[in-house]
Amino acid sequence: MSNATTDRKPATSATATTIEAAATAHGAHGHHVPWLSYLSLAASTSVIGSYVGLSKLLVVVFPVFLLAFLRFGMAAVFMLPWLRRGPTEKPLTGRTRFLLFLESFFGNFLFSICLLFGMKHSSAVVAGVIMAGIPATVALMSWIFLRERIAPRTLFGIAMAVGGIAMVALSKHGDGAGAATSGLGALLLVGAVCCEASYVVIGKRLAAELPPRRISALINLWGLVLVTPLGLWQAVDFDFGTVAIKDWGLLLFYAIAASTVTVWLWMKGLQHVSAAKAGVFMVFLPISTALIGLVLLGEQMSGIQLLAYALALGGVVLATWPGRAPS
């Protein structure tokens, strides 16, 4: 949209012709590409993937629900200034409040429960393949609930991304570990996929109504409310004196990264990107995890895994590459 002002004089034919020519030239050069939004989405999921190992270290120190309670609590203190309504923002409607609750319930609370307990009853290979279906599930739900039109090229890019991440899971754990998976475990992981897809779709609605910082603060506050009863239940029998200073530092970093930085970046990116395209950026989560293991932990990566990651990244490029503008 143009911010140029117009005076009360009628436009001359020359001026009108110039404006029309400029608009035509703009259309001929192609669509606007939201590179900053793409960067925000990629950075969000990359940061999530980088602290996966950190969360594993913290689960050894803290019980799961107590860890979540402390994470949301620390982040809530940090994000207190973000809760204030801006001077140009409208008051929250009942519908927006309900969407904020659903965003936190599915994306924070229910997703964590389904994922953690699903992993206990599933093998790594089955979990990896099921979780690879997040981009496809996001595309399906965005088509159903947001009525987003998904171009065939975007669908093919999503298929490449899902196939690449599934290949990674199979290549890492191709030793028949799938026998350890129960029906309940697989069902819980499917539930986690649906919860994450709901998080993306609902977030797209919220990003059109509220600024990213306020969304992040409000859904974190709902997460704190939802997990508080379970967190206090585990806190009663927990010996806080056994926690080392370094573990408290790791917890603080985890809380700020998980509840503040990643959510803000994700909501920032959703402002100008469709939910279906945003879902494709989930592939950066396992990719960044693998890079951390490769660079910092000395892990090895096979040729099949490299090919799988290249396929997944190719899917992102295909789904987000600017199309030709209509003439």
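What you are looking at is a predicted structure, and each value in this text was computed from that prediction instead of being measured.

Visitor: Please give an account of the overall build of the chain that cites residues and values.
Guide: Looking only at helices and strands, the chain has 14 helices and zero strands in total. Counting from the amino terminus, the chain carries its helices and strands in the arrangement α-α-α-α-α-α-α-α-α-α-α-α-α-α. For the chain, buried positions account for 44% of its 327 residues. By sequence separation, contacts in the chain at least 24 residues apart represent 92% of the contacts at least 6 residues apart.

Visitor: Which residues make up unusual backbone geometry, and what values do they have?
Guide: Positive phi is not limited to glycine here, since Arg-147 has a value of about 55°. Residue position: Arg-147 is located in the loop between helix H7 (134-145) and helix H8 (152-172). Relative accessible area serves as the criterion here: at 66%, Arg-147 is assigned to the exposed category.

Visitor: Account for empty space enclosed by the protein, with residues named and values stated.
Guide: With a probe scaled to a water molecule rolled over the atoms, the places where space remains empty come into view. Taken as a whole, this structure holds one cavity of 30 Å³ or more when the rule is applied. Lining the largest cavity are Arg-71, Phe-72, Asn-108, Ser-216, Ile-219, Asn-220, Ser-259 and Val-263. Those elements that provide at least two residues to the lining of the largest cavity are helix H4 (64-78), helix H10 (212-235) and helix H11 (245-270). Sort the elements by how many residues they give to the lining of the largest cavity and H10 lands first, with three residues. A per-class count over the lining of the largest cavity returns three nonpolar, four polar and one charged.

Visitor: Can you lay out the nonpolar core for me, pointing to particular residues and giving the numbers?
Guide: As a rule of thumb, nonpolar side chains are buried together in soluble globular proteins. By size, the foremost hydrophobic cluster in this structure holds 60 residues, and its most contacted members are Leu-100, Val-200, Trp-266, Met-267 and Val-283. It is helix H9 (residues 183-207) that contributes the most residues to this core, eleven residues altogether. Counting residues in each nonpolar core, the second largest holds 20 residues, with Leu-58, Phe-65, Leu-251 and Ala-257 among its members.

Visitor: Go over the side chain of Arg-214 with me, naming the residues and quoting the values.
Guide: Counting through the fold element by element, Arg-214 comes out in helix H10. For Arg-214, a relative accessible area of 9% gives the class buried. Within the structure, Arg-214 has its side chain in polar contact with the backbone oxygen of Leu-83 (distance 3.2 Å). Leave out the neighbours within four places in its chain, and Arg-214 touches Trp-82, Leu-83, Arg-84, Arg-85, Glu-89 and Leu-92.

Visitor: Tell me about the packing of helix H2 (residues 35-50) against helix H13 (residues 284-295), and name the residues and values.
Guide: Closest axis-to-axis distance for the H2/H13 pair is 7 Å, and the angle between their directions is 45°. Classed by the angle they form, the pair H2 and H13 counts as oblique. Seen from above, H2 lies across H13 with right-handed handedness. Taking contact as the criterion, the partners of Ala-42, Thr-45, Ser-46, Ile-48, Gly-49 and Ser-50 in H2 are, on H13, Phe-284, Leu-285, Ser-288, Thr-289 and Ile-292.

Visitor: Tell me about the state of the cysteines, residues and numbers included.
Guide: Disulfides are covalent bonds that connect the sulfur atoms of two cysteines. Taken as a whole and judged by the stated rule, the model has zero disulfides. Cys-114 forms no disulfide, and the closest cysteine sulfur to it belongs to Cys-195, at a distance of 4.7 Å.

Visitor: Tell me about the side chain of Thr-45, residues and numbers included.
Guide: Locating Thr-45 in the fold gives a position in helix H2. Judged by its relative accessible area of 1%, Thr-45 falls in the buried class. In this structure the side chain of Thr-45 is engaged in a polar contact, spanning 3.2 Å, whose partner is the backbone oxygen of Leu-41.

Conventions adopted
Residues numbered from 1 in each chain as written. Predicted model: local features only at pLDDT ≥ 70, side-chain atom pairs only at ≥ 80, totals over all residues. Heavy atoms only, no water. Helix = DSSP H or I, 4+ residues; strand = E, 2+ residues; numbered from the N terminus. Buried < 20%, exposed > 50% of the residue type's maximum accessible area, 1.4 Å probe, protein only. Contact = heavy atoms within 4.5 Å. 1 Å grid on protein atoms, 1.4 Å probe; cavity = no way out; pocket = protein on both sides within 12 Å on 5 of 7 lines; lining within 4 Å. Points joined across faces, edges and corners; volume = space filled by probe spheres on them. Nonpolar A, V, L, I, M, F, W, Y, C, P; charged D, E, K, R; others polar. Core = buried A, V, L, I, M, F, W, Y, C linked by side-chain atoms within 4.5 Å. Polar contact = N/O pair within 3.5 Å; in protein donor to acceptor, adjacent residues only side chain to side chain. Axes fitted to C-alpha atoms, helices over the stretch in contact; angles between N-to-C directions. Parallel < 35°, antiparallel > 145°, perpendicular 65-115°, else oblique. Left-handed = near helix turned anticlockwise from the far one by under 90°. Disulfide = S-S within 2.5 Å.

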